[in-house]
Amino acid sequence: LIFATFHIKSPKNIGLYGYDNHRGLYEKINTFIEPVLIAGPPAITSQIPTFCRQSVLFSDEAVHGIYFTNYYDYVKPRVDAFVNAYSSREKEDLVSFIKQYKIDYLILDKGFTSSKNMWFYQPYAKILKQRTKDIGGSELALSQISEEFIIEADWQYDLLDCNKWIFSIDSLSNSVSPSLH
């Protein structure tokens, strides 16, 4: 009987979440030798601590007030900041968010940047929809980032190397312009 059960449904194919759907993303994250902080949509960040042994800004489990006793003090400000930066047209909003929370990598949802479609729980799904209703996906700050700072991961997600991107922005803003004397 046990053999028949495993034959029908192998233990490799059961569980709370399958690794294979986003294998490319997890494999990229697993190449990071040093501990990093990753921010991204909660549909994917929840599995990163388990599969990649890296920290995330927030995850699907942590964002529900019923499960997390410090939700309003600790998690909600992070989710609010993420939603505002992720859905902004302004590069400065994204830069400020990354610097505030010291994000090393930001997961970019290709569905969001192309069609503004991304799973998020309420009320944030409604907030994202409202904030992006009058703009095209190409107008988002996320869509304006040069590909040299983006690490291709899988069919749905890419990674923004935030340190490299922020360094390039800071270098440009700190460069001294020639004097007109």
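Conventions and cut-offs
Residues numbered from 1 in each chain as written. Predicted model: local features only at pLDDT ≥ 70, side-chain atom pairs only at ≥ 80, totals over all residues. Heavy atoms only, no water. Helix = DSSP H or I, 4+ residues; strand = E, 2+ residues; numbered from the N terminus. Buried < 20%, exposed > 50% of the residue type's maximum accessible area, 1.4 Å probe, protein only. Core = buried A, V, L, I, M, F, W, Y, C linked by side-chain atoms within 4.5 Å. Contact = heavy atoms within 4.5 Å. Polar contact = N/O pair within 3.5 Å; in protein donor to acceptor, adjacent residues only side chain to side chain. Pairing = 2+ DSSP bridges.

Asks: I'm lost on the overall build of the protein chain in this one. Help?
Replies: Along its length, the protein chain carries 9 helices and 5 strands. If you list the helices and strands of the protein chain from N to C, you get α-α-β-α-α-β-α-α-β-α-α-β-β-α. Counting only residues that meet the buried cut, the protein chain has 41% of its 181 residues in that class.

Asks: I would appreciate a short explanation of the nonpolar core in the present structure.
Replies: A general feature of soluble globular proteins is that nonpolar side chains tend to end up buried together. Phe97, Leu106, Phe120 and Trp165 are the most contacted members of the largest nonpolar core, which totals 37 residues. Within the residue set of this core, elements represented by two or more residues are β1 (37-39), α5 (71-86), α6 (91-101), β3 (105-109), α8 (124-132) and α9 (162-174). Top contributing element to this core by residue count: α5, with 8 residues. The residues contacting Leu106, other than those within four sequence positions of it, are Ala39, Gly40, Phe82, Tyr86, Leu94, Phe97, Leu142, Asp158, Leu159, Leu160 and Cys162. One finds Leu25, Val36, Tyr105 and Ile107 within the second-largest nonpolar core, a separate group that totals 15 residues.

Asks: How should the side chain of Asp154 be read in this particular structure?
Replies: Within the fold, Asp154 resides in the loop between β4 (150-152) and β5 (157-161). Polar side-chain contacts of Asp154 include one of 2.9 Å to the side chain of His22. Non-local contacts of Asp154, meaning those with residues more than four positions away in its chain, are made with Asn21, His22, Gly24, Leu25 and Lys110.

Asks: Hey, could you run me through the pairing of β5 in this one?
Replies: Two faces make up the sheet, and in a regular strand the side chains alternate between them. Counting buried residues in β5 gives 5 out of 5 residues, a clear majority hidden from the surface. Neither face of β5 is open: one carries Tyr157, Leu159 and Asp161, the other Asp158 and Leu160, and all of them are buried. Examined bridge by bridge, β3 and β5 share 5 bridges and lie antiparallel to one another. Looking at the pairing, Asp109 lines up with Tyr157 of β5.

Asks: What exactly am I supposed to notice about unusual backbone geometry here?
Replies: In terms of backbone geometry, most residues other than glycine have negative phi values and most peptide bonds are trans. The linkage connecting Gln122 with the following residue, Pro123, adopts the cis geometry, with an omega of 5°. The residue Pro123 is located in the loop between α7 (110-115) and α8 in this model. With phi around 55°, Arg53 is a residue other than glycine that occupies positive phi space. For Arg53, the position within the fold is in the loop between α4 (48-52) and β2 (55-56). At Lys102, a position not held by glycine, the phi torsion is positive, near 55°. Among the structural elements, Lys102 can be located in the loop between α6 and β3.

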